[in-house]
Amino acid sequence: MKTKSIIFLAFTLGIFTMLFIPSCKKEKPGKATITVLDSLNLPVYGATVNLNSDNNPEPGIVKDKKVSDNNGKTYHEFPLECILQVEVTKGVLEAPKSNIHIIPGETAELTIKFE
């Protein structure tokens, strides 16, 4: 009788563990990859890429600024879903503004081209 009770308790504990442990997982952050190209479709090194929520209503201000690498890319991570404005500059040059939608667990990609 005691053995059956122990087995039942272990089985029940195992079921509850399987049900509740996965719900404690943290969601992966949303990622954004921005590619900056010049008018000849060549990557732009050293461009400043500014992602911000300046045009969005409150609450919360989201900002991230990076400089493009040799491949013209910048990589960003955000913990929550957001729609951000993308502003790209290189010296006195300014690319057309765009928006990007970031979703946790996914990677959003956007190519910005200087005209």
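Residues numbered from 1 in each chain as written. Predicted model: local features only at pLDDT ≥ 70, side-chain atom pairs only at ≥ 80, totals over all residues. Heavy atoms only, no water.

## Side note on the environment of Ala95
Relative to the helices and strands, Ala95 resides in the loop between β6 (93-94) and β7 (98-102). Through-space distance from the C-alpha of Ala95 to that of Asp38 is 9.4 Å; in sequence the pair is 57 residues apart. Among residues more than four places away in sequence, those in contact with Ala95 are Val88, Ile112, Lys113 and Phe114. (Helix = DSSP H or I, 4+ residues; strand = E, 2+ residues; numbered from the N terminus. Contact = heavy atoms within 4.5 Å.)

## Observations concerning the side chain of Thr33
Along the chain, Thr33 turns up in strand β1 (residues 30-37). Look at Thr33 and you get buried, because its relative accessible area is 11%. (Buried < 20%, exposed > 50% of the residue type's maximum accessible area, 1.4 Å probe, protein only.)

## Overview of the pattern of salt bridges
Taken as a whole and assessed by the stated rule, the structure comprises 3 salt bridges. Residues Lys31 and Glu77 are paired through a salt bridge, measuring 3.9 Å at the closest nitrogen-oxygen approach. One end of the pair, Lys31, is in strand β1; the other, Glu77, is in strand β4 (residues 73-78), and 46 residues separate them in sequence. Glu77 gets classed as partly exposed once you look at its relative accessible area, which sits at 47%. With a shortest N-O distance of 3.8 Å, Asp64 and Lys66 are connected by a salt bridge. (Salt bridge = Lys/Arg side-chain N within 4 Å of Asp/Glu carboxyl O.)

These figures capture arrangement, not role.
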